[in-house]
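Coordinates in review
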Amino acid sequence: MASRTNGLGASGSAVMDATATKALWAGAAGIVDGPGGYSGVEPTEEWAAEVKRLAKQRGATILAHNYQLPAIQDVADHVGDSLALSRMAAEVPEEEIIFCGVHFMAETAKILSPSKTVLIPDQRAGCSLADSITADQLREWKADYPHAVVVSYVNTTAEIKALTDICCTSSNAVEVVESIDPSREILFLPDQFLGAHVKRVTKRDNLHVWAGECHVHAGINGDELAEKSRAHPDAELYVHPECGCATSALYLAGEGFVTEDKVKILSTGGMLDAARTTGAKQVLVATEIGMLHQLRRAAPEVDFQAVNDRASCGYMKMITPAALLRCLVEGKDEVHVDLDTAHVASKSVQRMIEIGTPGGGE
């Protein structure tokens, strides 16, 4: 009856769909390929409907990382951290995966789903942290410590994972390190701030840390955190261990500027778990600002504020509405991982899973 009220029957709906598609394609025809990514398409309701239609037509599932643009998160079939999404890619029935994230994440999905087609909407979406160590550098480091166990954060390339003994996430890095014989030296890479956090908690003197960093998280500094904390004394602090301010957060608690129970060093998944159960009215968040979208959805009654509202990853934001549409229309860009590399790399991920639940990922 509603269709008749609007003057539309089944054929009317078809005409409306065709009109919306025509309007969308007019915009898609104007997609601009620039150094910052693809542009020229707005995330309208028509765009979202067409994305869903094309994904269904391709037999694809859309995965989006927590740091993606809100519109990309909202249109995805699954949203989460990189490891959770990669495991999801292996579990879903669809044979094509559209991974809305940065390149190493799509690689990890391919490692865990070698028989599936994995596409990333823009293959130029890299990662400063993953790029902070090369395979040759790791080989040289291993040569200096031939008996050491190599523990790599999942935020690394497939080639690095293939040279790794055990992977870890930010939520289980301590557990992974504690599972290793205390007498064995450990090479921890590539994030120096996560490594410092693990070394502080485990008190392992024989843990050597690579001096890599995520440029976004490293840019969230202690001064900003202290200023925000003093301005909002009743707020909880959610701090990602990749942040340069993680040590400052613990210092603030130690000095009594904030109570210890309000300082939480958490992975992105851990932040969501904490948000769902918090009794706080306000939370200051130190991580990439895309995370705020999921936090606000998880606990709409809580006031989530970024410690640094400029902490936006340009690589993550290269997955634009235009890029996603192009990916679905043209089947680009496909992610390839050499089969031998993928086979060896998968072992380091599997060893991590065998040690314990991967938890909240990166």
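Cut-offs and rules
- Residue numbering note: each chain is counted from 1, following its sequence as written.
- Local features in a predicted model are, by the rule used here, given only for residues with pLDDT of at least 70; side-chain atom pairs are given and counted only at 80 or more, and totals for whole chains, interfaces and linings are based on all residues.
- Hydrogens and waters are ignored; side-chain quantities use all the structure's heavy atoms.
- Strands here mean DSSP runs of E at least two residues long; helices mean DSSP runs of H or I at least four residues long; both are numbered from the N terminus.
- Accessible area is worked out with a 1.4 Å probe on protein chains only. A residue is then buried under 20% of its type maximum, exposed over 50%, and partly exposed in between.
- Joining through side-chain atoms within 4.5 Å is the link that ties buried Ala, Val, Leu, Ile, Met, Phe, Trp, Tyr and Cys residues into a set, and such a set is a nonpolar core.
- Any two residues whose heavy atoms approach within 4.5 Å are treated as being in contact.
- Cysteine sulfur atoms that pair up within 2.5 Å are treated as a disulfide.
- Strand pairing is assigned whenever DSSP identifies at least 2 bridges connecting the two strands.
- When the centres of two rings from Phe, Tyr and Trp lie within 6.5 Å, Trp using its six-membered ring, the rings pair. Their planes under 30 degrees apart give stacked, over 60 give edge-to-face, and anything left gives tilted.
- Charge-over-ring contacts are defined here by two conditions on Lys NZ or Arg CZ: a distance within 6 Å of the ring centre and an angle within 35 degrees of the ring normal.
- A fitted line through C-alpha atoms serves as each axis, taken over the contacting stretch for helices, and the angle formed by two N-to-C directions is quoted from 0 to 180°.
- Roughly parallel refers to an angle under 35 degrees, roughly antiparallel to one over 145, roughly perpendicular to one between 65 and 115, and oblique to any angle outside these ranges.
- Note on convention: the crossing is left-handed when the near helix lies turned anticlockwise from the far helix by less than a right angle, right-handed when the turn is clockwise.
- All residues other than Ala, Val, Leu, Ile, Met, Phe, Trp, Tyr, Cys, Pro, Asp, Glu, Lys and Arg, Gly among them, are scored as polar; the first ten of these are nonpolar and the last four charged.
- To be clear, the arc concerns the directions from the helix axis to the C-beta atoms.
- Per-residue confidence from the predictor is reported as pLDDT, a score between 0 and 100.

What follows covers unusual backbone geometry. Between Leu189 and the following residue, Pro190, the backbone shows a cis peptide bond with an omega angle of -5°. The topology assignment puts Pro190 in the loop between strand E9 (186–189) and helix H10 (192–202). Backbone torsion omega between Lys332 and Asp333 reads 0°, so that peptide bond is classified as cis. Along the chain, Asp333 falls in the loop between helix H16 (321–330) and helix H17 (339–355). Even without being a glycine, Lys203 presents a positive backbone phi close to 60°. Turning to its location among the elements, Lys203 is positioned in the loop between H10 and strand E10 (207–209). With relative accessibility at 67%, the residue Lys203 sits in the exposed group.

A separate point is the nonpolar core. Counting 100 residues, the largest nonpolar core has Ile98, Phe188, Phe304 and Leu324 as the members making the most contacts within it. Among the elements that take part in this core, H16 stands out by supplying six residues, more than any other. Beyond its immediate stretch of four places on either side in the chain, Ile98 contacts Ala60, Thr61, Ile62, Leu63, Leu119, Pro121, Leu324, Cys327 and Leu328. Counting 11 residues, the second-largest nonpolar core is a separate cluster that includes Trp141, Val150, Leu163 and Leu187.

With that settled, consider the state of the cysteines. Here the structure, examined in full by the defined rule, presents zero disulfides. For the unlinked cysteine Cys167, the closest cysteine sulfur is that of Cys168, found at 7.3 Å. Cys167 gets classed as buried once you look at its relative accessible area, which sits at 0%. Unpaired in this structure, Cys243 has its nearest cysteine sulfur neighbour in Cys245, at a distance of 4.4 Å.

Before going further, it helps to spend a moment on the pairing of strand E11 (residues 236–239). Across the two faces of E11 the burial is the same, with Glu236 and Tyr238 and Leu237 and Val239 all buried. Across four bridges, the pairing between E11 and strand E13 (residues 282–286) is parallel. Directly across from Leu237, in E13, lies its bridge partner Leu284. In this structure, E11 lies alongside strand E12 (residues 263–265), joined through three bridges in parallel fashion. The residue bridging Val239 from the neighbouring strand is Ile265, located in E12.

With the rule as written, the count across this model stands at one aromatic pair. Directly above the aromatic system of Tyr38 lies the positively charged group of Arg124, at a separation of 5.0 Å from the ring centroid.

Before going further, it helps to examine the packing of helix H14 (residues 268–277) against helix H15 (residues 291–298). Between two packed helices, what matters for the description is the angle formed by their axes and the separation of those axes. Two elements in contact, H14 and H15, have axes whose closest approach is 9 Å; the angle formed by their N-to-C orientations is 25°. It follows from the interaxial angle that H14 and H15 lie roughly parallel. At the point where H14 passes H15, the crossing takes the right-handed sense. In this structure, H14 uses Thr268, Met271, Leu272, Ala275 and Arg276 to contact H15, whose residues at the interface are Met291, Gln294, Leu295 and Ala298. Across the contact of H14 with H15, the residue classes tally to six nonpolar, two polar and one charged.

Bringing H15 into the picture now. Within the span of H15, buried status applies to Met291, Leu292, Gln294 and Leu295. The arc that holds every buried residue of H15, seen down its axis, measures 165°, which confines them to one face. Of the surrounding elements, those touching the buried residues of H15 are helix H4 (70–75), strand E4 (78–80), H14, E13 and strand E14 (303–306).

The next point concerns the confidence of the model for the protein chain. Per-residue confidence for the protein chain gives a mean pLDDT of 89, with 90% of residues at or over 70. The model gives residues 1–23 a pLDDT under 50, and that stretch makes six contacts with residues more than four places away or in other chains.

Backbone-to-backbone hydrogen bonds join strands into a sheet, with any given pair of strands oriented parallel or antiparallel. Read from one edge of the open sheet, four strands run E8-E7-E9-E10, paired in parallel fashion. On the outer flanks of this sheet lie strand E8 (166–168) and E10, each paired with one strand and no other. Averaged over neighbouring strand pairs, the angle between their axes works out to 25° when direction is ignored. Two strands pair when backbone bridges link them, and E9 and E10 are joined in this way by three bridges, in the parallel orientation. Of the residues in E10, the one forming a bridge with Phe188 is Val209. Packed on one face of the sheet, helix H7 (residues 135–144) meets strand E7 (149–153), E9 and E10 and runs near 160° to E9.

Let's shift gears to the sheet that holds E4. Sheet architecture is open: four strands sit in the order E4-E3-E5-E6, paired in parallel fashion. This sheet does not close on itself; its edge strands, each paired only once, are E4 and strand E6 (117–119). Averaged over all adjacent pairs, the angle separating strand axes in this sheet is 25°, with direction ignored. As paired strands, strand E3 (residues 60–65) and E4 are joined by three bridges and run parallel to one another. Counted as the bridge partner of Ala64 is Val79 from E4.

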